[in-house]
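Okay, here's what each chain looks like letter by letter:
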Amino acid sequence: MSEQLLDGPARDRIKTDTDATLFVEAGAGSGKTHALVDRVTTLVLRDGVPLRTIAAVTFTEKAGAELRDRLRVEFEKARKGPAGPLADEALDDLDSASIGTLHAFAQQLLLAHPIEAGLPPLIDVLDEVGSSVAFEERWAELQQQLLDDDSIAEPLLLAMAVGVELKHLRSLARLFGNDWDLIDERVLVDPPELVAMPDLTGLIAAAAQLGGAVDSCRDPEDRLLPKLHAIRDLGVMLEAATDQESQLSYLQALRGLKVGKIGRKENWPDVAKMRSDCAEVVEVAGSLVELLLDACLRHLSHWIAERVLESAEVRRAEGRLEFHDLLVLARNLLRRDASVRSALHERYERLLLDEFQDTDPIQIELAVRIAAGADGDAPDWQDVEVPDGRLFVVGDPKQSIYRFRRANIATYLTAQDLLGETVTLTTNFRTVPPVLDWINHVFSTLIQPQEAAQPTYHALTPHRTTTPTTA
Ligand SMILES: Nc1ncnc2c1ncn2[C@@H]1O[C@H](COP(=O)(O)OP(=O)(O)O)[C@@H](O)[C@H]1O
Ligand SMILES: [Mg+2]
């Protein structure tokens, strides 16, 4: 079949060149998973690689089950042929083979090395619902600590005075929890700043100066006049205030003043300047509030981030793991333990990753370190050298933009750059020509390659010429 297709040589290469590390790139319905099945079939039936030493990672459980079914069909077909014994062995291995989601795979890695991973003998993996319940319990406790902890009282009060609510902090705790592996490098890089009121002298002086201009107004009914009075009075109160809460409330009042185009030209020596001076005071007050809020939020974020990390640590120690914990703990284990890398390198001779664009970027680090074995200890996975043929990656960069939250196109492009050769599939088996023409048009105009941000768009060629049949 592949000979008749325009991209036949690429398909043949995927099926037969099992010594090479390949990165297959193509759109949905171009037969990527089909090609992956072909490659596993060759590995097992031609190269004699036992199925139990192959790991295939899929984005969903359903896709994993489908992959297993497609492989079963291939092995069943081969039973009567010359590779019969290998096919029989593969069929025996099939049910327990490492074919499934990244989370299941990470769990397998951890279960194979619980002591090295710092886990208790029994671990409990919480599903989405269980994790949500656990989060709510943690948040209830965190909220109580937040309200009880004197060291955080000041930034909390100030932030709340500016409109921050507990529900915002709850979202922060949730976001940090979802990405707790990034907390150290992104949130806790610097010690928390002390929350100090920024210098107000410039603002106070400007307010006093504007206050002095009230006498230049020729009409006591002018609508700009009360604004000047307000600015003057708030400036005086700001100067007299001794605590940050009251300073903040005066700043808030100042930033809330609306000046706009009020005031009549004939009432003032220079109404335009008067307006713009008022507007400037309002703007400066606004930016001082932002500055203070920023410092408060940094402080609160730091505090929350530390506690989120502590609770991840508790989950590890108790062996009550959530999905994301599985990935991070497996990755950490592979980063630090050469003997584990070595053992997993022996166990998984070949790693195949389907729907690479959708999956958490931790996946590539797991795969690369297993593929490299004991030597794969470079701090950055991008510096780890991967022996030829051990990895096979399949992905569709067009889909990555809006699928999985942590997946990102930069990781995709880096991996593609570093890992072996890219093979592109262009025949599409699912879409009929009119739709395809439209897709080609839209994407080739929209998608222009861009360094580390946007992959090249490859036009698809139709396989079907009429309406779709059921696949
Ligand atoms: N080489 C091929 N020849 C004929 N049909 C194919 C081929 N590759 C894939 N198909 C069919 O095209 C459809 C999509 O294939 P699949 O591998 O699931 O695509 P993808 O993973 O790229 O979305 C399936 O119905 C599959 O049977
Ligand atoms: Mg697929």
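Residues numbered from 1 in each chain as written. Chains lettered and ligands numbered in written order. Predicted model: local features only at pLDDT ≥ 70, side-chain atom pairs only at ≥ 80, totals over all residues. Heavy atoms only, no water.

Per an unreviewed UniProt entry, the protein goes by DNA helicase UvrD and derives from Kribbella albertanoniae.

Peer 1: Mind showing me how you'd approach the site of ligand 1 here?
Peer 2: Neighbouring ligand 1 are 13 residues; G29, K32, T33, H34 and F429 lie closest to it. Within the backbone of G31, a nitrogen or oxygen atom sits 3.0 Å from an oxygen atom of ligand 1. Calculation on ligand 1 without its partners gives an accessible area of 560 Å², and the protein chains cover 81% of this total. Of the residues belonging to the shell around ligand 1, the class tally is four nonpolar, six polar and three charged. (Near = heavy atom within 4 Å. Polar contact = N/O pair within 3.5 Å; in protein donor to acceptor, adjacent residues only side chain to side chain. Areas by Shrake-Rupley, 256 points an atom, 1.4 Å probe, with all protein chains shown as cover. Nonpolar A, V, L, I, M, F, W, Y, C, P; charged D, E, K, R; others polar.)

Peer 1: Could you clarify how one ought to interpret the packing of aromatic side chains in this entry?
Peer 2: Centre distance and the angle of the planes are the two values used to describe a pair of aromatic rings. What the rule picks out here adds up to four aromatic pairs. For the pair F23 and Y412, a centre-to-centre distance of 5.2 Å together with 90 degrees between the ring planes defines the contact as edge-to-face. Highlighted residues: F23 in strand β1 (residues 22-25) and Y412 in helix α17 (residues 409-418), separated in sequence by 389 residues. Taken individually, F23 and Y412 each receive the classification buried, so the pair is uniform in this respect. Grouped by ring-pair contacts, the aromatic residues F23, F356 and Y412 constitute a single cluster. The ring centre of F135 lies 4.5 Å from the NZ or CZ of R174, which sits over that ring. In this structure, R307 is placed above the aromatic ring of W303, and the distance from its NZ or CZ to the ring centre is 4.0 Å. (Phe/Tyr/Trp six-rings, centres within 6.5 Å; stacked < 30°, edge-to-face > 60°. Helix = DSSP H or I, 4+ residues; strand = E, 2+ residues; numbered from the N terminus. Buried < 20%, exposed > 50% of the residue type's maximum accessible area, 1.4 Å probe, protein only. Lys NZ or Arg CZ within 6 Å of the ring centre and 35° of its normal.)

Peer 1: Whenever I open this one, the environment of A206 confuses me. Can you help?
Peer 2: You can see A206 is positioned in helix α10 (residues 201-212). Distance from A206 to F75, taken between C-alpha atoms, is 83 Å for residues 131 residues apart in sequence.

Peer 1: Would you mind showing me how to read the environment of E141 here?
Peer 2: Looking at the secondary structure, you find E141 in helix α6 (residues 128-148). Spatially, the C-alpha atoms of E141 and A97 are 41 Å apart, while their sequence positions differ by 44 residues.

Peer 1: Is there a simple way to explain the domain arrangement of the protein in this structure?
Peer 2: Accessible area lost on assembly of the parts is the figure often given for the size of an interface. Here the protein is partitioned into domain 1 (2-123 + 322-427) and domain 2 (126-317). Distance from the C-alpha centre of domain 1 to the C-alpha centre of domain 2: 49 Å. Taken together, the contact between domain 1 and domain 2 spans 14 residues of the former and 15 residues of the latter. When the two sides are added together, the surface that domain 1 and domain 2 hide from each other amounts to roughly 1200 Å², 46% of it contributed by carbon and sulfur. Connecting domain 1 to domain 2 are three salt bridges. One salt bridge in this structure joins R315 and E322, with 4.0 Å as the shortest N-O distance. Between the two partners, domain 1 and domain 2, sit six residue pairs in polar contact (both at pLDDT 80 or more). The greatest single-element share of the side of domain 1 that touches domain 2, amounting to six residues, is contributed by helix α14 (residues 323-336). Per-class residue counts for the side of domain 1 that touches domain 2 are seven nonpolar, two polar and five charged. (Domains from an automatic or database assignment. Contact = heavy atoms within 4.5 Å. Buried area = accessible area lost by both parts, 1.4 Å probe. Salt bridge = Lys/Arg side-chain N within 4 Å of Asp/Glu carboxyl O.)

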